[in-house]
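# Structure assessment
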Amino acid sequence: MTSKKTMILTADDDPQLLRLVSRNLEFDGYEVITARDGQEALTMIEANHPDLILLDVMMPKMDGLAVCQYVREFSAVPIIIVTARGQDSDKVKGLDLGADDYLTKPFSIEELLARVRAVLRRTQFMSNEQTHAVRTIAKIGELTIDYAQRKVLMEEKEVILTPTEYRILAYLAQNAGRVITQDLLLEHVWGSEYTGESHMLQVNVNRLRRKIEPDPTHPSYILTKIGIGYQFVTNPT
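The shown structure was predicted, so the numbers you read here are calculated from the model rather than taken from an experiment. (Residues numbered from 1 in each chain as written. Predicted model: local features only at pLDDT ≥ 70, side-chain atom pairs only at ≥ 80, totals over all residues. Heavy atoms only, no water.)

This part takes up helix α2 (residues 38-48). The set of residues buried in α2 consists of Gly38, Ala41, Leu42, Met44 and Ile45. Its side-chain oxygen placed 3.0 Å from the backbone nitrogen of Gln39, Asp37 serves as the N-cap of α2. A positive phi of about 50° marks His49, the residue just after α2. (Buried < 20%, exposed > 50% of the residue type's maximum accessible area, 1.4 Å probe, protein only. Helix = DSSP H or I, 4+ residues; strand = E, 2+ residues; numbered from the N terminus. Polar contact = N/O pair within 3.5 Å; in protein donor to acceptor, adjacent residues only side chain to side chain.)

Okay, the packing of α2 against helix α3 (residues 64-71) next. Each pair of packed helices can be described by the angle between their axes along with the distance between the axes. The interhelical angle for the contact between α2 and α3, taken along N-to-C directions, is 25°, at an axis separation of 9 Å. As summarised for this structure, α2 and α3 are arranged roughly parallel, according to the angle between their axes. The two elements α2 and α3 cross, and the hand of that crossing is right-handed. Residues Gly38, Leu42, Ile45 and Glu46 of α2 pack against Val67, Tyr70 and Val71 of α3. A per-class count over the contact of α2 with α3 returns 5 nonpolar, 1 polar and 1 charged. (Axes fitted to C-alpha atoms, helices over the stretch in contact; angles between N-to-C directions. Parallel < 35°, antiparallel > 145°, perpendicular 65-115°, else oblique. Left-handed = near helix turned anticlockwise from the far one by under 90°. Contact = heavy atoms within 4.5 Å. Nonpolar A, V, L, I, M, F, W, Y, C, P; charged D, E, K, R; others polar.)

Our next topic: the sheet that holds strand β7 (residues 143-146). What the 4 strands build is an open sheet, ordered β6-β7-β8-β9; its pairing is antiparallel. Whereas interior strands pair on both sides, the edge strands pair on one side only; in this sheet they are β6 (137-140) and β9 (157-159). Ignoring which end each strand starts from, the neighbouring axes of this sheet average 25° apart. Examined bridge by bridge, β7 and strand β8 (residues 151-154) share 4 bridges and lie antiparallel to one another. Residue pairing across strands places Leu143 opposite Met154, the latter belonging to β8. Sheet contacts for helix α6 (residues 163-174): β7 and β8; angle to β7, the most-contacted strand, approximately 100°. (Pairing = 2+ DSSP bridges.)

Here the focus is the pattern of salt bridges. This structure, assessed with the given rule, holds 11 salt bridges. Put simply, Glu165 and Arg207 hold a salt bridge, and the shortest N to O gap is 2.3 Å. You can see Glu165 sitting in helix α6 and its partner Arg207 sitting in helix α8 (residues 198-212), a full 42 residues away along the chain. The residues Glu165 and Arg207 share a single accessibility class, namely buried. Close ionic contact of Glu165 with Lys211 constitutes a salt bridge, the shortest N to O distance being 2.7 Å. Note that Glu165 is positioned in helix α6 and Lys211 in helix α8, a separation of 46 residues in sequence. Among the ionic contacts, a cluster of salt bridges with common partners joins Asp12, Asp56 and Lys105. (Salt bridge = Lys/Arg side-chain N within 4 Å of Asp/Glu carboxyl O.)

A few words on the side chain of Asp12. As for its placement among the helices and strands, Asp12 is situated in the loop between β1 (7-11) and α1 (15-27). Residue classification places Asp12 among the buried residues on the basis of a relative accessible area of 5%. Within the local environment of Asp12, its side chain forms a polar contact with the backbone nitrogen of Asp14, the two atoms lying 2.8 Å apart. When residues no more than four places from it in sequence are discounted, the contact partners of Asp12 are Leu17, Leu18, Ala35, Arg36, Asp56, Met59 and Lys105.

This is the structure we're talking about:
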């Protein structure tokens, strides 16, 4: 029996780029479905449940940021947003809305494939961590982390996290009391090739805080150690 291929949805209104990306992803062994606008992308996501989504920001009918925001209301599927060079605000907004990674146009096929593999690798790591979890449940204050089920509760209500948010939280919580440097956290969550991309980490930590902190502006669980990194406290106040 052949194993099921990883399905990737790629959405872009540039037909030539869409064909180029699709062919190279297929050549690399992925099953690819495509969309040429945001509304079509949403329809295909809901119908096909892809394993990863590549979203161009500038699309007709509904832009990629709006699609990302909508998808995050019902799914934690990994999302890579594609932005034009110089559009750093779109990049940050996409990450803030729940995207897991980004690509900047123009990009090489090698860079595209590397980003796709990195995001899928992180997703696979999460599955492995779930299977081989040593500590089953950790309870810190009102926060409960079920490592075996990969589930997070705040005051006994489930908190829906993206794969990236969960990996950040789990790694910090498993090292509670220690100060974890930004580069170490980036390497563990994203991979060694992301070392130095502190803005990506900061955006994700801020988004995570909005989900688990009673007051995100004065965090009780994840503290910033200026110039160093982050610390998950053992006795939140």
